[in-house]
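Descriptive analysis of the structure
Below are the chains, spelled out letter by letter.
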Amino acid sequence: MKIRFVTRNKHKFVEVSKALQEYGIKVEQLCLDKLEIQAKSLSDVVRFSLVVLYNVVGEPLVVEDAGLFIEALKGFPGVFSSYVFKTIGVNGILKLMENVSNRKAMFKSVVGYIDDSQIALFEGIVEGIIAYEPRGNMGFGFDPIFIPNGSEKTFAEMSVDEKNKFSHRAKAFRKLASWLIQDKFKR
Ligand code: IMP
């Protein structure tokens, strides 16, 4: 089985390819723009992108949208994570978190699948804390400042396989994989 994953992010592509290996699912990267709307939830962004992209590609495909939600900042940057990363970045978030003792945060991923008869969404969450300074040089985005519960390392200090043991994205894609395998046998 194969899925078409629309993303320009090669880190996401590698993470997902590895996570789905154990299901025997191959991942093809489609480098198209996701056409993100500014919506209140990741699910709304994903639904909109799925419909627009399906009109262009005309084949079953998968889209993912993710964000970092920091408790002390009332969920910021959340759905604005991509913009916030490009503007104030990791150091900007650390600045906002100066003298903040509640470091709790979570990453959330919403994965969407579309084909000629259905849309299905799957969610993955990982809880953790925001580090006091960036650590590690692997991964992307806010990886250097996120420490998942159950580890001492930031995501940027982990190999892809290690990050996949904890990550929001691996969890959401594993749900998609199980569903796809069941769906295939139903048809
Ligand atoms: P996107 O719109 O799904 O690409 O994600 C929005 C932003 O959230 C990205 O630009 C990253 O800064 C951040 N992000 C999402 N997932 C991750 C992750 O697994 N690690 C680090 N940052 C992430």
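Here we summarise the structure given alongside this text. Predicted, not measured: the structure shown is a model, and the values here were computed from it.

1. Examining the packing of aromatic side chains
Summed over all chains, the structure comprises seven aromatic pairs. Here the aromatic rings of Phe85 and Phe142 are separated by 5.3 Å at their centres, their planes lie at 85°, and the arrangement is edge-to-face. Pair noted here: Phe85 is in helix α3 (residues 81-87) and Phe142 is in the loop between β5 (119-130) and β6 (146-148), with a separation of 57 residues, a long-range link. By relative accessible area, which is 34% here, Phe85 ends up partly exposed. Taken together, a centroid distance of 5.2 Å and an interplanar angle of 45° make the contact between Phe146 and Phe155 tilted. Each of the two residues, Phe146 as well as Phe155, counts as buried. In this structure, Arg103 packs its charged tip against the face of Tyr132, placed 3.9 Å from the ring centre. Lying over the aromatic face of Phe69, Lys108 brings its terminal NZ or CZ to 5.5 Å of the ring centre.

2. A look at the pairing of strand β2 (residues 26-30)
Taken residue by residue, a regular strand's side chains alternate between the two faces of the sheet. Strand direction decides the pairing type here: strand β1 (residues 2-6) and β2, joined by five bridges, are parallel. Bridging across to β2, Val6 finds its partner in Leu30. Read as a crossover between parallel neighbours, the route from β1 over helix α1 (residues 10-21) to β2 is right-handed.

3. Some thoughts on a nonpolar patch on the surface
A cluster of nonpolar side chains, contributed by Phe76, Phe80, Tyr83, Ile88 and Leu96, occupies part of the molecular surface with about 480 Å² of accessible area. You can see Phe76 is positioned in the loop between β3 (61-70) and α3.

Thresholds applied
- The written sequence of each chain sets the order in which its residues are numbered from 1.
- Only residues with pLDDT of at least 70 get local features here, since the model is predicted, and only at 80 or more are side-chain atom pairs given and counted; chain-wide, interface and lining totals rely on the full set of residues.
- Hydrogens are left out, water is left out, and the side-chain values use all remaining heavy atoms of the structure.
- A pair of aromatic rings is counted whenever rings of Phe, Tyr or Trp (Trp by its six-membered ring) have centres within 6.5 Å, and the orientation is called stacked for planes under 30 degrees apart, edge-to-face for over 60 and tilted otherwise.
- A run of H or I in DSSP counts as a helix once it spans at least four residues, and a run of E counts as a strand once it spans at least two, with each numbered from the N terminus.
- Burial classes: relative accessible area under 20% of the type maximum marks a residue as buried, over 50% as exposed, and values in between as partly exposed (1.4 Å probe, protein chains only).
- Two conditions define a charge sitting above a ring: the NZ of Lys or the CZ of Arg must be within 6 Å of the ring centre, and it must be within 35 degrees of the ring normal.
- Think of it this way: DSSP has to see at least two bridges between two strands before they count as a pair.
- Orienting the strands away from the viewer, one traces the path from the first strand over the helix to the second; a clockwise path indicates a right-handed crossover.
- Like charges within 9 Å and nonpolar side chains (Val, Leu, Ile, Met, Phe, Trp, Tyr) within 5 Å are joined into patches, using only residues over 30% in relative accessible area that form no salt bridge.
- Every accessible area reported is derived by Shrake-Rupley at a probe size of 1.4 Å, with residue values counting cover from the shown protein chains alone.
- In the sections that follow, a salt bridge refers to a side-chain nitrogen of Lys or Arg positioned within 4 Å of a carboxyl oxygen of Asp or Glu.

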